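Residues per chain, in single letters:
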Protein chains: 2
Amino acid sequence: MKQNIYDNPVFFKEYTNLRKTGVTYNDFVEQPALKSVMPSLDNKTVLDLGCGTGQFAMYCIQNGASKVLGLDISRNMIDQAIKENNHEKIEYICMPIEDLELNNLKFDIIVSSLAIHYIKDYSNLVAKISQFLNRDGEFIFSIEHPIVTARKDMNNWVKDHEGNRLYWALDHYQEEGIREQHWYIDGVIKYHRTISTIINTLIDNGLVLGKMIEPQSITEGLEKMPKLHNEERRPSFMVIKAYKV
Amino acid sequence: MKQNIYDNPVFFKEYTNLRKTGVTYNDFVEQPALKSVMPSLDNKTVLDLGCGTGQFAMYCIQNGASKVLGLDISRNMIDQAIKENNHEKIEYICMPIEDLELNNLKFDIIVSSLAIHYIKDYSNLVAKISQFLNRDGEFIFSIEHPIVTARKDMNNWVKDHEGNRLYWALDHYQEEGIREQHWYIDGVIKYHRTISTIINTLIDNGLVLGKMIEPQSITEGLEKMPKLHNEERRPSFMVIKAYKV
């Protein structure tokens, strides 16, 4: 059974309210990094794995992409995407990303924003992605940083009695697998993998590493969300770009 | 002034005594990982940056290498290497590794065991290494893991009042630069760099990432040094293999 927290009504409401503020880790840390490594989208075909409400799909079209296929496991997300980011060049499909089968259809760019840490079988997914890419095609994705997902306990910032963050607690790094946490609702499941697993799996599937980013906040974020200074102390995300040869 | 702790008599004595025990992190964690990614050495030329007492240089010759050039900043180390691991196919030179100039001489394999975190200008070193490699040549090196070098404070394992290790304290990850610590003597200087800097610098200098290892202990190590179980909790080292195209 694949996890679908975004169709939990409590989670979906909280999550969409958060994203609408425009003052999030996504806006100031993850999305700027992801966009910074996007190649020219001119006339490119794009597959968006975990497309959510379709904002990135629309961004691709606005930047010249000829076609975007967006996949998401959540009916709520896909409905919202069709409502808010509809376009004749975008197709949205409600489906778990690991179930995707493409009959010889290939893409120039495969992108995935903060979805792959929800996927149990990373190796199988990467094998498919490699197969779905045209030659010289690029796979660009963001995930939660293994430094952040490693520890099984939940409270990773250790604080003094005044609430100041002393340091980030790291543990269980080599124990890959399920990490369960409370994020609006109980039982949100993510999968921790080591950095070497994340990278070697790409290489083993015929992809060449092009760039890795451990992003910090853009300046606007530091002004509007001062806690983003903590990204200097430990990275929340990792952005990777790899290409097929 | 390049750091040369190994010519400090106190450090050198303590360090060589430690290595002679054969019961160290090197023996059970770092060296097995480094050797696991070595290609066939048959008839290959090898440059060993930070060769120490020449054990790895001799290992290369014993495994078929046609020639090894070993460099080390420490006179003590080079003298010991000439005494203990002398061979007609090995040349030892006492020189800071970042000062090396080679007049069009190139190597099939460049190896470096736990030396590069002492080097201030990583980018310049990698540019040289890329230039010193034959086409399809491989650069294989181990360094202290950025998870370990990140925090400026010294006591990274946070312990309870009975001395049990609770978790590893991480901080200052994005602040690259000097980390000073006490290791037998005061003022041992290492350089912290992020994982993305380490990897992107290789890529920017024309190298392709072939494999990354965040090694754990081999079984024998867990028996002889039970504290090596802590490597499951956070990695001490990173081993990287990259090749020139």
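It should be noted that the structure appears before, not after, this text.
The following paragraphs examine the structure supplied in this document.

The rules behind each value
Residues numbered from 1 in each chain as written. Chains lettered and ligands numbered in written order. Predicted model: local features only at pLDDT ≥ 70, side-chain atom pairs only at ≥ 80, totals over all residues. Heavy atoms only, no water. Buried < 20%, exposed > 50% of the residue type's maximum accessible area, 1.4 Å probe, protein only. Helix = DSSP H or I, 4+ residues; strand = E, 2+ residues; numbered from the N terminus. Contact = heavy atoms within 4.5 Å. Buried area = accessible area lost by both parts, 1.4 Å probe. Salt bridge = Lys/Arg side-chain N within 4 Å of Asp/Glu carboxyl O. Polar contact = N/O pair within 3.5 Å; in protein donor to acceptor, adjacent residues only side chain to side chain. Pairing = 2+ DSSP bridges. Axes fitted to C-alpha atoms, helices over the stretch in contact; angles between N-to-C directions. Arc of directions from axis to C-beta. Disulfide = S-S within 2.5 Å.

### So, helix H3 (residues 55–62) of chain A
All names here are of chain A.
In step 1: For H3, the full list of buried residues reads Phe56, Ala57, Met58, Cys60 and Ile61.
In step 2: Those residues of H3 that are buried lie in contact with helix H2 (25–36), strand S1 (45–49), strand S2 (67–72), strand S3 (90–94) and strand S4 (107–113).
In step 3: One or two residues past the end of H3 sits glycine 64, with phi positive at roughly 105°.

### Concerning the interface of chain A and chain B
Quoted interface sizes are often the accessible area lost when the parts come together.
In step 1: Taken together, the contact pairs 33 residues of chain A with 33 residues of chain B.
In step 2: Taken together, both faces of the contact between chain A and chain B bury some 2600 Å²; the carbon and sulfur share is 54%.
In step 3: Interface area lost by chain A to chain B is led by Tyr167, Leu170 and Gln174 of chain A, which between them contribute 23%.
In step 4: In this structure, arginine 233 of chain A engages aspartate 171 of chain B in a salt bridge whose closest nitrogen and oxygen atoms are separated by 2.7 Å.
In step 5: Viewed at the interface, chain B and chain A are joined by 22 residue pairs in polar contact (both at pLDDT 80 or more).
In step 6: Only strand S7 (165–170), helix H7 (195–204) and strand S10 (207–213) of chain A provide two or more residues apiece to the side of chain A that touches chain B.
In step 7: Looking at the side of chain A that touches chain B element by element, the count peaks at 6 residues for S10 of chain A.
In step 8: Examined bridge by bridge, S7 of chain A and strand S7 (residues 165–170) of chain B share 3 bridges and lie antiparallel to one another. Looking at the pairing, tryptophan 168 of chain A lines up with leucine 170 of chain B of S7 of chain B.

### Quick look at the sheet that holds strand S6 (residues 157–159) of chain B
In step 1: A sheet is described by the order of its strands in space; here 4 strands give the open sequence S6(A)-S7(A)-S7(B)-S6(B), paired in antiparallel fashion. The sheet terminates laterally at strand S6 (157–159) of chain A together with S6 of chain B, the two strands that pair on one side only. Ignoring which end each strand starts from, the neighbouring axes of this sheet average 45° apart.

### What about helix H4 (residues 75–84) of chain B?
Residues lying three or four places apart along an α-helix face the same way, a consequence of the helix completing one turn every 3.6 residues.
Residues and elements named next belong to chain B.
In step 1: Those residues of H4 that fall on the buried side of the exposure criterion are Met77, Ile78, Gln80 and Ala81. Across the axial projection of H4, the buried residues extend over an arc of 160°, all falling on one side.
In step 2: The inward-facing, buried residues of H4 abut helix H1 (9–20), strand S2 (67–72) and strand S3 (90–94).
In step 3: Of the residues flanking the start of H4, the one acting as N-cap is serine 74, its side-chain oxygen 3.3 Å from the backbone nitrogen of asparagine 76.

### Some words on the sheet that holds strand S5 (residues 133–144) of chain A
Residues and elements named next belong to chain A.
In step 1: Spatial ordering of the open sheet is given by S3-S2-S1-S4-S5-S11-S10, a layout of 7 strands whose pairing is mixed. The strands lining the two open edges of the sheet, one partner per strand, are S3 and S10. If you compare each strand with its neighbour and ignore which way they point, the axes differ by 15° on average.
In step 2: This element, H2, spans S4, S5, S10 and strand S11 (237–244) of the sheet and lies at about 20° to S11.
In step 3: On top of the sheet, helix H4 (residues 75–84) reaches S2 and S3; it is set at about 160° to S3, its chief contact.

### Digging into the state of the cysteines
In step 1: Taken as a whole and assessed by the stated rule, the structure comprises 0 disulfides over all chains.
In step 2: Summary of cysteine pairing: cysteine 51 of chain A is not part of a disulfide, and the nearest cysteine sulfur, belonging to cysteine 94 of chain A, is at 9.0 Å.
In step 3: When its relative accessible area of 7% is taken as the criterion, cysteine 51 of chain A is described as buried.
In step 4: No disulfide involves cysteine 60 of chain B; its sulfur sits 11 Å from that of cysteine 51 of chain B, the nearest cysteine.
In step 5: What makes cysteine 60 of chain B buried here is its relative accessible area of 0%.

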